[in-house]
Amino acid sequence: MRKSLIYLCLIFTLLISCSNDNEEPENNLKTENIVVIIMDGPRYSETWDNQQFKMQSHLFNDIAPQGVFFEEFYNNGETYTVPGHTAIATGNYQKITNNGSELPINPSFMQYWLEATGLDSTKAWVITSKDKLEVISDCLNPKYRGKFRPATNCGIGGGGIGSGYRHDSLTFQAIEDVVSNYTPNLVFINLREPDYTAHKGDWQGYLDGIYMSDNYIYKIWNMFESKTKYQNKTSYFITNDHGRHLDSIANGFIAHGDGCLGCRHISLLALGPDFKKNVFVNNKREMIDITTTIGYLLGINIPTSQGKLIEELF
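This write-up is about the structure you can find in this document. Here the structure is a predicted model, which means the values were calculated and not measured.

Looking now at the pairing of strand β1 (residues 33–39). With seven of its seven residues buried, β1 lies for the most part within the structure. Where burial is concerned, the two faces of β1 agree: the one with Asn33, Val35, Ile37 and Met39 and the one with Ile34, Val36 and Ile38 are both buried. Pairing geometry for β1 and strand β6 (residues 234–240), over seven bridges, is parallel. Pairing of Met39 across the sheet is with Asn240, part of β6. Direction of pairing for β1 relative to strand β5 (residues 186–191): parallel, over a ladder of six bridges. The residue bridging Ile37 from the neighbouring strand is Ile189, located in β5.

On to the pattern of salt bridges. A full pass over the atoms with the stated rule returns nine salt bridges. Measuring nitrogen to oxygen at the nearest pair gives 3.0 Å for the salt bridge that ties Arg43 to Asp247. Residue Arg43 is located in the loop between β1 and α2 (57–63), and its partner Asp247 is located in the loop between β6 and α8 (261–264); the two are separated by 204 residues in the primary sequence. Residue classification places Arg43 among the buried residues on the basis of a relative accessible area of 4%. Asp247 gets classed as exposed once you look at its relative accessible area, which sits at 63%. The salt bridge involving Lys143 is made with Glu115; its shortest N-O contact spans 3.6 Å. Here Glu115 lies in helix α4 (residues 109–117) and Lys143 lies in the loop between β3 (124–128) and β4 (151–154), a separation of 28 residues in the sequence. Judged by relative accessible area, which is 28%, Glu115 ranks as partly exposed.

Within the structure shown, the criterion is met by 19 aromatic pairs. Taken together, a centroid distance of 6.3 Å and an interplanar angle of 70° make the contact between Phe224 and Tyr236 edge-to-face. Placement of the pair is Phe224 in helix α7 (residues 203–225) and Tyr236 in strand β6, with a sequence separation of twelve residues. For the pair shown, Phe224 and Tyr236 are each scored as buried. Members of the aromatic cluster, connected to one another through ring pairs, are Trp48, Phe60, Phe69 and Phe280. The side chain of Arg192 reaches across the aromatic face of Tyr196, ending 3.7 Å from its centre. Sitting above the plane of the Tyr230 ring, Lys229 keeps its charged end 5.7 Å from the centroid.

Here we take up unusual backbone geometry. Residue Glu193 is joined to Pro194 through a cis peptide bond whose omega torsion reads 10°. Assignment of secondary structure puts Pro194 in the loop between β5 and α6 (195–198). In this structure, Thr183 takes a positive phi of about 40° despite not being glycine. Its location among the elements puts Thr183 in the loop between α5 (168–182) and β5. On the basis of relative accessible area, Thr183 is assigned to the partly exposed category, the value being 30%. Its identity as a non-glycine residue notwithstanding, Ala250 has a phi of 50°, on the positive side.

Parameters at a glance
- Residues numbered from 1 in each chain as written.
- Predicted model: local features only at pLDDT ≥ 70, side-chain atom pairs only at ≥ 80, totals over all residues.
- Heavy atoms only, no water.
- Buried < 20%, exposed > 50% of the residue type's maximum accessible area, 1.4 Å probe, protein only.
- Helix = DSSP H or I, 4+ residues; strand = E, 2+ residues; numbered from the N terminus.
- Pairing = 2+ DSSP bridges.
- Salt bridge = Lys/Arg side-chain N within 4 Å of Asp/Glu carboxyl O.
- Phe/Tyr/Trp six-rings, centres within 6.5 Å; stacked < 30°, edge-to-face > 60°.
- Lys NZ or Arg CZ within 6 Å of the ring centre and 35° of its normal.

Remember, this is a structural readout, not a statement about activity or role.
Below you can see the structure in the form of structure tokens.
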């Protein structure tokens, strides 16, 4: 009788042990907020591939040590502004017009998050220097079109499509106002430089645009981190929508839009409370992976994203 009881106890113990082994690990992620910052259209050769980093001193010296930098990061879709931003927001490459006249097919991570949380639209924002990027706030999917839309402040006066491009200094002011008045959890940001000046064929102005964007990104990061709501609770994805032609292709740095390495090779710097620090990664990744990773951080499902989780971050 005693042996039978001991045997039963052993079986019970083994069953409990096996049950515990099969349980999924508890999610202990600390991220509560997401900030995506897109520097529009720098070529990799003038940014992270420049050994002196003269134009990106803040990103390289102050911000990169706080996170993970991806040296082999790519736009594998259409290398234009609206398609690039669409890929980052939705996790899908789409041949979408570049003038703001067409909506993305799929919902953004912001729409999925607003649906999942039931929070007011002012808890997620699209704030962009380029007016046409207001299209990122909506999609063609019938279930989501016109619903769960993030708030927007895009272009001149925040007026959206048709208002025109505004200077990045005004976009920075808009970000400050939004953060102060609404304390959003999600913020999707576009800075028009250096793309805007590069299209004018102004080489020095293009380099100055990279330098100015570096300064604004540093100020944006400091602004968020200076507030209790965001300290140690916010993950940042600092990236680009596309690069520029190689010098040997078409008109070189002035334009972009093909599949050359200059247009496809961009960068990603990610930092947050759940990520490693001071790490440079040379595994190949692509912009649609950002969306899937954001979904994981927020604990929401983004079924339409074609990207993969960026596991090297954790």
